[in-house]
Amino acid sequence: MMWRQALYACAVLGLMAPAAQAAEGIKLYQVSSGQLEMDKGWLTAMRDVGKKISVPVAMYIIDHPRGLTVFDTGNNVDVSDGKCESYWGKGLCGAFFPTQKREEVIDRQLEKLGYKADQVKYVVYSHFHLDHAGNIKLFPKAKHVVQKEELKAAWWPEKFQSAAFVLKDYDATRDYDFMQLTGDFDLFGDGSVVVLDTKGHTQGHQSLQVRLPKTGTLLLAGDAVYTPENEAGAIPGITWSTTHSMQSIDRLKLIRDATQGQIWYSHGIEQYAEHQHDKPYE
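Report follows, based on the coordinates.

## Comments concerning empty space enclosed by the protein
Next, step 1: With the rule as written, the count across this model stands at 2 cavities of 30 Å³ or more.
Next, step 2: Of the pockets and cavities examined, the largest cavity occupies roughly 40 Å³.
Next, step 3: Lining the largest cavity are A58, Y60, F71, D72, H132, G222, Y265 and S266.
Next, step 4: Class assignment of the residues belonging to the lining of the largest cavity gives a composition of 4 nonpolar, 3 polar and 1 charged.
Next, step 5: Estimated volume of the second largest cavity: approximately 30 Å³.
Next, step 6: Along its surface, the second largest cavity is lined by T198, G200, H201, D223, A224, S245, S248 and I249.

Listed below in structure tokens is the structure:
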């Protein structure tokens, strides 16, 4: 029995070793596309409705040896510096008001860290809502990684979902190089950056699992988990499917526990403030 256990342990270690080696050299930066002022009830259904809050709009820059990657592109550049109504319109700006400066847009965030937008190989989208895919047009040469169901929902949303999709963000991207996924996907084939199917917030929502040699496993939740309240069981205030949303939250928690990792929220005020933003996680 003992030799069988030893062989099993060796086999597991052998399977894990390539992924650990492949993670060497990866760096991850967390930045924000400014903030959104909103009713907290949009994030936590039936809880704190009417309470106005200002939340970060998290984005991520991942420097992988095989390609610079961006996860989410934030609010469109044209809502910067108080120009919201001219682009989103009065209704959307009344519900989600962006306090985004031009230097907080993803292309400028890349420049601050020594990169350029045209160096980005992959742009991964949690989903196509206005604060996550707003700047797709800044990356015409990249490969755009998105669930196939999300593209369908973005181009032809159900009526109750339509407000959060801003068609002019992506109306000229039909000929872009889209990687249309139907589930999980290992982006580099080494286990270091894995797209996770976390549908619920939208039909094609996805999160990103990033394995770093020093920091460990980070689960970039996107809008699958807005806040720690959602992780603790509060239903997200905006969701296509409550059932799928709660299943996706449970999935992320299970992966977190199995990998001894961390879940990073899309709009967690306190968590974002605790993180470093001017130097990478390694």
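There's more to say after this.
## Regarding the environment of D175
Next, step 1: Mapped onto the secondary structure, D175 falls in the loop between α5 (148–155) and β7 (177–181).
Next, step 2: Residue D175 is classed as exposed on the basis of its relative accessible area, which comes to 77%.
Next, step 3: As a C-alpha pair, D175 and P140 span 35 residues in sequence and 9.2 Å in three-dimensional space.

## Some details on the sheet that holds strand β1 (residues 27–39)
Next, step 1: Spatially, β4-β1-β2-β3-β5-β6-β7 is the arrangement adopted by the 7 strands of the open sheet, whose pairing is mixed. The sheet is open, and its two borders are formed by β4 (97–98) and β7, each paired with just one other strand.
Next, step 2: Sheet topology places strand β5 (residues 120–124) next to strand β6 (residues 143–147); 3 bridges connect them, and they run parallel. By the bridge assignment, V123 is partnered in β6 with H144.
Next, step 3: The strands that α5 touches are β6 and β7; relative to β6, the one it contacts most, it runs at about 90°.

## Focus on the pattern of salt bridges
Where charged atoms of side chains with opposite charge meet at close range, the side chains can pair.
Next, step 1: Tallied over the entire structure, the rule returns 11 salt bridges.
Next, step 2: As a salt-bridge pair, D197 and K199 come within 2.8 Å of each other at their nearest N and O atoms.
Next, step 3: Two residues, R256 and E231, come together in a salt bridge whose shortest N-O distance is 2.3 Å. Residue R256 is found in helix α7 (residues 242–259), and its partner E231 is found in helix α6 (residues 228–231); the two are separated by 25 residues along the sequence. Comparing R256 with E231, the two get one shared label, buried.
Next, step 4: When salt bridges that share partners are traced, they join K40, D48 and E229 into one network.

## Overview of α7
Next, step 1: A rise of 1.5 Å per residue sets the reference length of α7, with its 18 residues, at 26 Å; its end C-alpha atoms lie 26 Å apart and thus fit the reference within 8%.
Next, step 2: Looking at α7, one finds that the buried residues are S245, S248, I249, L252, I255 and R256. Along α7, the residues classed as buried sweep out an arc of 125° about the axis, all on the same side. Facing away from the buried side of α7, by more than 90 degrees, are the exposed residues T243, L254 and A258.

## Quick notes on the layout of surface pockets
Next, step 1: The calculated volume of the largest pocket comes to roughly 330 Å³.
Next, step 2: Residue classes in the lining of the largest pocket are distributed as 14 nonpolar, 5 polar and 2 charged.

## Regarding the sheet that holds strand β9 (residues 193–197)
Next, step 1: Reading across the sheet, the 5 strands line up as β8-β9-β10-β11-β12 and stay open at both edges, with mixed pairing between neighbours. Where the open sheet ends on each side, the last strands, each with one partner, are β8 (185–186) and β12 (262–264).
Next, step 2: Where β9 and strand β10 (residues 206–212) come together, 5 bridges link them in antiparallel fashion. When the bridges of β10 are listed, D197 appears paired with Q206.

Reading guide: rules and limits
Residues numbered from 1 in each chain as written. Predicted model: local features only at pLDDT ≥ 70, side-chain atom pairs only at ≥ 80, totals over all residues. Heavy atoms only, no water. 1 Å grid on protein atoms, 1.4 Å probe; cavity = no way out; pocket = protein on both sides within 12 Å on 5 of 7 lines; lining within 4 Å. Points joined across faces, edges and corners; volume = space filled by probe spheres on them. Nonpolar A, V, L, I, M, F, W, Y, C, P; charged D, E, K, R; others polar. Helix = DSSP H or I, 4+ residues; strand = E, 2+ residues; numbered from the N terminus. Buried < 20%, exposed > 50% of the residue type's maximum accessible area, 1.4 Å probe, protein only. Pairing = 2+ DSSP bridges. Contact = heavy atoms within 4.5 Å. Axes fitted to C-alpha atoms, helices over the stretch in contact; angles between N-to-C directions. Salt bridge = Lys/Arg side-chain N within 4 Å of Asp/Glu carboxyl O. Expected span 1.5 Å × (residues − 1). Arc of directions from axis to C-beta.

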